[in-house]
Amino acid sequence: MKRALLVLIASGWLATAQASAVGEGDAKAGESKAAACAACHGPAGNSFNPVWPKLAGQGAPYTVKQLMAFKSGARMNPVMAAQVTNLSEQDMLDIAAYYANQKSTVGAAVPELAKQGAELYRAGNPESGVPACTGCHGPAGEGVAASAYPRVGGQQPGYTEAQLRAYRDGSRKAPMMTIVTAKLTDDEIKALASYLAGLH
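## Remarks on the overall build of the chain
Argument step 1. Within the chain, the regular secondary structure consists of eleven helices and zero strands.
Argument step 2. Helices and strands appear in the chain in the N-to-C order α-α-α-α-α-α-α-α-α-α-α.
Argument step 3. Counting the 200 residues in the chain, one finds 42% classified as buried.
Argument step 4. Partitioning the intrachain contacts of the chain with sequence separation of at least 6 by distance along the chain shows that 70% fall at a separation of at least 24.
Argument step 5. Carbon together with sulfur atoms contributes 62% to the accessible area of the chain, which is approximately 10,500 Å² in total.

Dropping the structure here:
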């Protein structure tokens, strides 16, 4: 347990250091650069498809970090890899700044899953060692932009579920999330994803 906590602390420090190294973006310039993104991510970053993420209101450092990961191949996704091929770092900064300034829409949790999802998000699962999500993602799921911890409140449930599973099976890499998701059951992942869809 102590080792896991040390990894979490170290990962948090590294994320903060990486985020602070990100430059400034121009939201106005980003609006035109993000035009092609609307096909999947929706108007102003609010996707309609449950498996495509909402980008509206997402912290700019996190968005930039993910775009860079798609371009380098550190995060694998054929569709996104093709989209970022010709983006410069300034393009990424501008697009991220634009989406950070947009207002995210909120969905609704499935009532049968909301209670379990809320308990997991706020208090974790002491019996299995799953920590509360609020420590990094905030009580309303707003994230911590300065540390590149993403906004998760209002996110599409299908996308959230897929990402939690990817962290758990190791196909998506992030030491902190690997530790957190390792002990989540399929039912807990589904409950969390549903609860987060309506969190704001």
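## Regarding the nonpolar core
Argument step 1. Core analysis: the biggest nonpolar cluster contains 15 residues, and Y121, L164, L184, L192, Y195, L196 and L199 have the highest contact counts within it.
Argument step 2. Those elements that place two or more of their residues in this core are α7 (111-123), α9 (157-169) and α11 (186-197).
Argument step 3. If you tally residues by element for this core, the top one is α11, at four residues.
Argument step 4. Every residue in contact with Y195, bar those within four places of it in the chain, is listed here: A109, A114, G117, A118, Y121 and R122.
Argument step 5. L55, L67, V84 and Y99 belong to the second largest nonpolar core, which has eleven residues in total.

## Examining the packing of aromatic side chains
Argument step 1. Applying the stated rule across the entire model yields two aromatic pairs.
Argument step 2. With a centroid separation of 5.1 Å and 55° between ring planes, the pair formed by Y98 and Y99 is classed as tilted. Across this residue pair, the class does not change: Y98 and Y99 are buried.
Argument step 3. With a centroid separation of 5.9 Å and an interplanar angle of 50°, the aromatic rings of Y121 and Y195 are classed as tilted. Here Y195 lies in helix α11 and Y121 lies in helix α7, a separation of 74 residues in the sequence.

## Overview of the packing of α7 against α11
Describing two packed helices takes the angle between their axes plus the distance from one axis to the other.
Argument step 1. Remark: α7 packs on α11, axes separated minimally by 7 Å, with the N-to-C direction vectors making an angle of 95°. By the angle between their axes, α7 is roughly perpendicular relative to α11. For the pair α7 and α11, contact is made by L113, A114, Q116, G117, A118, L120, Y121 and R122 and by D187, E188, K190, A191, L192, S194, Y195 and L196, respectively.
Argument step 2. Its residues placed into classes, the contact of α7 with α11 shows nine nonpolar, three polar and four charged.

Cut-offs applied
- Residues numbered from 1 in each chain as written.
- Predicted model: local features only at pLDDT ≥ 70, side-chain atom pairs only at ≥ 80, totals over all residues.
- Heavy atoms only, no water.
- Helix = DSSP H or I, 4+ residues; strand = E, 2+ residues; numbered from the N terminus.
- Buried < 20%, exposed > 50% of the residue type's maximum accessible area, 1.4 Å probe, protein only.
- Contact = heavy atoms within 4.5 Å.
- Areas by Shrake-Rupley, 256 points an atom, 1.4 Å probe, with all protein chains shown as cover.
- Core = buried A, V, L, I, M, F, W, Y, C linked by side-chain atoms within 4.5 Å.
- Phe/Tyr/Trp six-rings, centres within 6.5 Å; stacked < 30°, edge-to-face > 60°.
- Axes fitted to C-alpha atoms, helices over the stretch in contact; angles between N-to-C directions.
- Parallel < 35°, antiparallel > 145°, perpendicular 65-115°, else oblique.
- Nonpolar A, V, L, I, M, F, W, Y, C, P; charged D, E, K, R; others polar.

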